[in-house]
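This is what each chain is made of:
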Amino acid sequence: WLALTIGLVALGVLAITLITTVYDAHLGSRIKQEARRLEQVNAALQHGKNLLALATRAAGISSWELDIATQVTLWTENEIDSLKTAGIDTQKSPDAVRAVTHPDDSSIMSDAVRDAVAGGREVCSYRFRVVTPAGSSIHLEAHARIFFDDAGKPVRILGVSWDVTDEVLQDEKRRELQSQLRDASRDA
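Residues numbered from 1 in each chain as written. Predicted model: local features only at pLDDT ≥ 70, side-chain atom pairs only at ≥ 80, totals over all residues. Heavy atoms only, no water.

**Things to note about the packing of aromatic side chains**
So, step 1. Overall, the coordinates contain one aromatic pair when judged by the stated rule.
So, step 2. Summarising the aromatic geometry, the rings of Tyr126 and Phe128 are spaced 5.8 Å apart at their centres and angled 35 degrees between planes, so their arrangement reads as tilted.
So, step 3. One Lys or Arg, Arg156, reaches over the ring of Phe147 and ends 4.1 Å from the middle of that ring. (Phe/Tyr/Trp six-rings, centres within 6.5 Å; stacked < 30°, edge-to-face > 60°. Lys NZ or Arg CZ within 6 Å of the ring centre and 35° of its normal.)

Following this line, the structure appears as structure tokens:
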């Protein structure tokens, strides 16, 4: 009986060891499959990020994130060509645009955020002017998504900006021509 008991216990330990080994091999195989799948997903995500960066760079769109409480730009990606040409480097100094925003337009962003929050919206858009070191103005348009904390207070903004100076100048020229046409029509 003793030999039979020892044999059965040894056989039981051997069976448990064999089951554990097979299960461990199965888990190892699944982990390898999941790791390969994760690598593929990461590669696809990186490819998508590269394409998005390329598209926004080609379109002259700058991406940025702003901390509302500190009013500090956390990061920017891509540069707006007209700003770079004017000597405003948003890559070296992410807050460069806020530093050279026209004084009359300094509250436009906070007003747009406040109006969006009051209206129950998570997005806002606004236009503002930047004064270059040479004294000229560059008109920018921004679209942003507002992120809130658990209490519902806006904490940060993630947005994109681009140059709309040509569009603004064309609108001003069109309004001036319409005014001249009205004056000429009145005179006639």
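**Points about the nonpolar core**
So, step 1. Grouped together as the largest cluster of nonpolar side chains are 22 residues, with contacts concentrated most on Leu83, Cys124, Tyr126, Leu140 and Ile157.
So, step 2. Those elements that place two or more of their residues in this core are strand S1 (62-67), helix H3 (96-99), helix H4 (108-118), strand S3 (123-131) and strand S4 (137-148).
So, step 3. Those residues in contact with Leu83 that sit more than four places away from it in its chain are Ile88, Val97, Val130, Ile138 and Leu140. (Core = buried A, V, L, I, M, F, W, Y, C linked by side-chain atoms within 4.5 Å. Buried < 20%, exposed > 50% of the residue type's maximum accessible area, 1.4 Å probe, protein only. Helix = DSSP H or I, 4+ residues; strand = E, 2+ residues; numbered from the N terminus. Contact = heavy atoms within 4.5 Å.)

**Some thoughts on the pairing of strand S2 (residues 72-77)**
As a general feature of sheets, a regular strand has side chains that alternate between the two faces.
So, step 1. Two strands pair when backbone bridges link them, and S1 and S2 are joined in this way by five bridges, in the antiparallel orientation. Bridging from a neighbouring strand, Trp64 pairs with Thr76 of S2.
So, step 2. A loop of four residues connects S1 with S2, the two strands running antiparallel in sequence, and Gln71 in this loop sits at a positive phi of about 60 degrees. (Pairing = 2+ DSSP bridges.)

**Description of unusual backbone geometry**
So, step 1. A positive phi is found at Gln71, a non-glycine position, where the angle reads about 60 degrees.
So, step 2. Tracing the sequence through the fold places Gln71 in the loop between S1 and S2.
So, step 3. The phi dihedral of Asn78 falls on the positive side, at around 75 degrees, and the residue is not glycine.
So, step 4. Position of Asn78 among the secondary structure elements: in the loop between S2 and helix H2 (81-85).

**A short note on the pattern of salt bridges**
So, step 1. All told, the structure shown has ten salt bridges when counted by the stated rule.
So, step 2. Two residues, Glu122 and Arg145, come together in a salt bridge whose shortest N-O distance is 3.1 Å. Within this pair, whereas Glu122 is found in the loop between H4 and S3, its partner Arg145 is found in strand S4, the two being separated by 23 residues in sequence.
So, step 3. The exposure class assigned to Glu122 is partly exposed, which follows from its relative accessible area of 44%.
So, step 4. Here Arg145 falls in the partly exposed class, since its relative accessible area comes to 38%.
So, step 5. Close ionic contact of Glu167 with Arg127 constitutes a salt bridge, the shortest N to O distance being 2.7 Å. Here Glu167, found in helix H5 (residues 165-187), pairs with Arg127, found in strand S3; they are 40 residues apart in sequence, far enough to count as distant.
So, step 6. Looking at Glu167, the relative accessible area reads 39%, which means it is partly exposed.
So, step 7. Owing to a relative accessible area of 33%, Arg127 belongs among the partly exposed residues under this scheme.
So, step 8. Put simply, Arg127, Glu141 and Glu167 are held in one network by salt bridges that share partners. (Salt bridge = Lys/Arg side-chain N within 4 Å of Asp/Glu carboxyl O.)

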